[in-house]
Amino acid sequence: MNVFGADLAQGIPEKGSPEWTLVSTDGSGTVTEIRRPSSLPGLVAEIAALTGEDPFLLGVNIPVVIPARPTRSRPFEGLLRKKFGARLTAGNRAEDRRITGEQLLGALASAGYACLTYPDRNSHNSGLAEIHPGPALKGLLWSGSRVGDGLGDTEREKFCKSYKLPVYRRAGARKRSGPEEIASTLDLLIRSLSTTRGYDFKPVLDALATVEGDEDADRAASLFDACVIAGTARRHLDTPESCVFVGERETGYTILPSDDFLRRLLLPAPSGRRGKLFPQATLEESLGEMAEIRSPDLLAVRGRPRKLQAVFREIPCYEFENVDEMLWWKRCRHVGGPALPTDGLMELSVCLENGPGSLELVRSRHSALSFRFQSPTAWRALMGPRDNKIYRFKVLSASYETEPVGRPSKAQGKSP
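Residues numbered from 1 in each chain as written. Predicted model: local features only at pLDDT ≥ 70, side-chain atom pairs only at ≥ 80, totals over all residues. Heavy atoms only, no water.

A few points about the overall build of the protein
Which entries qualify depends on this criterion: Helix and strand assignments come from DSSP, with helices taken as H or I runs of at least 4 residues and strands as E runs of at least 2, each series counted from the N terminus. When checking whether two residues touch, look at their non-hydrogen atoms; a contact exists if any pair is within 4.5 Å.
Looking only at helices and strands, the protein features 11 helices and 16 strands. Nonlocal contacts in the protein, meaning residues at least 24 apart in sequence, comprise 65% of its contacts between residues at least 6 apart.

Shown next, in the form of structure tokens:
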């Protein structure tokens with residue numbers, strides 16, 4: 001799949017053309033093409049010329065998904081500000097001169113490149129990915145930091161929130177920055193990220209070698225942002241466990257590189273309540289696109305829950321903290337792939353990261369959602385009891401119970 005990164009944050013000026021940057025990368029993350037489109041049709045034409053008929057993922061730093069109802073900001077923007085100390089320009093429907101994801105999606109569709117509003121992990125469909133260089137860059141730098149490493153998550157959160165990035169764009173500087181300051185700041189950032197795999201900043205270094213005035217510095221900074229966006233988009237496709245998807249597909253999201261601490265910080269804990277049983281139709285609607293639904297029951301018995309098994313085409317990835325003799329769902333975090341519905345969830349067939357074969361998790365009798373390790377000896381051969389370590393696993397299949405067939409509703413009284 002072709003992966004692009006586009007710096008489109010600059011709005012369309014009243015006079016002249018915007019300074020946008022588009023980069024194309026290969027499978028290793030190396031930048032192969034650099035284009036400078038000056039209009040939305042020009043951007044679409046460049047993408048069409050670079051991708052041909054192949055699917056692509058286009059990372060952009062503009063709001064891709066905006067809620068239908070007017071709102072001051074999207075939910076994930078407040079989360080990033082409060083937990084991560086990263087501020088974004090509100091992605092609402094305020095009238096300004098920025099292009100939006102809706103406009104970009106419409107232009108691509110008109111040219112024959114219909115896209116999803118999120119990355120397709122199966123690489124079958126083209127899609128957009130909202131990635132903002134500021135949070136992505138902070139995630140990259142923080143992931144290799146030892147700041148607060150010996151503290152608990154609550155204490156370390158304060159250090160993470162206060163972790164500041166140097167300003168390298170004139171638009172974000174409190175005082176006017178000259179080309180010398182921008183060039184030196186970019187050089188220091190690239191040197192700090194020199195050992196990070198999957199990000200190619202060589203074109204930026206080449207651009208810094210010829211910086212003379214403000215325009216040259218701005219173009220180098222825009223190229224740097226496009227490279228950060230493209231590298232993060234590729235990283236999310238290849239190793240989703242090294243990124244975090246903050247927000248929801250329907251209300252707005254962003255993707256940034258992460259470590260285990262950032263995932264715990266930015267991802268909500270799953271609900272541990274025992275959910276109601278799914279009606280069969282609802283379960284099939286929830287999982288139909290990402291899993292094959294089958295029933296091991298030959299007949300549907302009236303008054304009894306029906307069992308359904310989901311075998312996943314797109315694999316859900318989770319991780320859990322090994323703190324007990326059972327797996328508690330509240331100790332699990334969604335890492336990649338689709339999120340599992342938990343209502344009526346009874347059994348899971350999973351594969352531990354770097355572990356042989358598949359293992360079973362069977363629903364426990366606790367009211368809080370939890371699972372027994374089945375069999376205990378098979379699990380303990382791969383991990384110690386209550387070792388407080390974090391283990392990642394992929395969900396191969398899941399078994400559910402649905403609402404009993406022919407169950408009378410509460411409003412339906414007894415017949416006389």
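What to know about unusual backbone geometry
Cis geometry is adopted by the peptide bond preceding Ser 375, which originates at Gln 374 and carries an omega value of -10°. For Ser 375, the position within the fold is in the loop between β15 (370–374) and α11 (376–380). At Arg 386, a residue that is not glycine, the phi angle is positive and equals roughly 50°. If you trace the backbone, Arg 386 turns up in the loop between α11 and β16 (390–401).

Regarding the nonpolar core
Inclusion rule: Side-chain atoms within 4.5 Å link the members of a nonpolar core, which is a set of buried Ala, Val, Leu, Ile, Met, Phe, Trp, Tyr and Cys residues. Each residue gets one of three labels from its accessible area relative to the maximum for its type: buried under 20%, exposed over 50%, partly exposed in between, using a 1.4 Å probe on protein chains only.
Judged by nonpolar contacts, the single largest core of 59 residues is most densely connected at Leu 8, Leu 58, Leu 104, Leu 108, Phe 201 and Phe 224. Sorting elements by how many residues they give to this core places helix α8 (residues 214–238) first, with 12 residues. Leave out the neighbours within four places in its chain, and Leu 58 touches Phe 4, Ala 6, Leu 22, Ile 47, Leu 104, Gly 127, Leu 128 and Ala 129. Ranked by size, the runner-up nonpolar core spans 29 residues in total, among them Phe 312, Leu 361, Phe 373 and Phe 393.

Examining the sheet that holds strand β4 (residues 56–60)
Quick note on the threshold: Following DSSP output, two strands are said to pair if at least two bridges run between them. Between N-to-C directions, angles cover 0 to 180 degrees, with each direction set by a line fitted to C-alpha atoms, over the stretch in contact for helices.
Strand order in the open sheet formed by five strands is β3-β2-β1-β4-β5, and the pairing between neighbours is mixed. The two strands at the open ends of the sheet, each matched to only one other strand, are β3 (31–35) and β5 (127–130). Direction aside, neighbouring strands of the sheet carry axes that sit 20° apart on average. Where strand β1 (residues 2–7) and β4 come together, five bridges link them in parallel fashion. Residue pairing in the sheet places Asn 2 in a bridge with Phe 56 of β4.

Regarding the pattern of salt bridges
Rules: A pairing counts as a salt bridge when a side-chain nitrogen of Lys or Arg comes within 4 Å of a carboxyl oxygen of Asp or Glu.
Under the counting rule described, the total for this entry stands at 26 salt bridges. Across the salt bridge formed by Arg 35 and Glu 46, the nearest N and O atoms sit 2.6 Å from each other. One end of the pair, Arg 35, is in strand β3; the other, Glu 46, is in helix α1 (residues 40–51), with 11 residues separating them in the sequence. According to the relative accessible area criterion, Glu 46 is partly exposed, its value standing at 22%. Measuring nitrogen to oxygen at the nearest pair gives 3.3 Å for the salt bridge that ties Glu 319 to Arg 263. Here Arg 263 lies in helix α9 (residues 260–266) and Glu 319 lies in strand β10 (residues 317–321), a separation of 56 residues in the sequence. We note that Glu 319, like Arg 263, is buried. Three or more residues are tied together by salt bridges with common partners; here these are Asp 260, Arg 263, Glu 319, Glu 321, Arg 331, Arg 333, Glu 353 and Arg 392.

Some points on the pairing of β3
When strand β2 (residues 21–25) meets β3, the two strands line up antiparallel, connected through four bridges. From the neighbouring strand, Ser 24 faces β3, where its bridge partner is Glu 33. Adjacent in sequence and paired antiparallel, β2 and β3 are bridged by five residues, among which Gly 29 carries a positive phi angle near 95°.

What about the packing of helix α6 (residues 179–192) against α8?
Worth spelling out the cut-off: Reported orientations rely on four angle classes, namely roughly parallel under 35 degrees, roughly antiparallel over 145, roughly perpendicular from 65 to 115, and oblique for the rest. Rotating anticlockwise by less than a right angle from the far helix to the near helix defines a left-handed crossing, while the corresponding clockwise rotation defines a right-handed one. Just so you know the grouping, Ala, Val, Leu, Ile, Met, Phe, Trp, Tyr, Cys and Pro go in nonpolar, Asp, Glu, Lys and Arg go in charged, and all remaining residues, Gly too, go in polar.
For the pair α6 and α8, the least separation of the axes is 9 Å and the interaxial angle reads 25°. Of the possible angle classes, the one that applies to α6 and α8 is roughly parallel. Regarding α6 and α8, the two cross each other, and that crossing is left-handed. Contacts between α6 and α8 involve Pro 179, Ile 182, Leu 186, Leu 189 and Ile 190 on the former and, on the latter, Asp 214, Ala 217, Asp 218, Ala 220, Ala 221 and Phe 224. In terms of residue class, the contact of α6 with α8 is made up of nine nonpolar, no polar and two charged.

A word on helix α2 (residues 75–84)
Every buried residue belonging to α2 is among Phe 76, Glu 77, Gly 78, Leu 80 and Phe 84, and all of these are buried. Tucked into the core, α2 has its buried residues touching β5, α4 (133–143), α5 (153–162), β6 (243–248), β7 (252–257) and α9. Gly 85 sits one or two residues past α2 and shows a positive phi near 70°.

So far we have only geometry, and geometry alone does not tell us how the molecule works.
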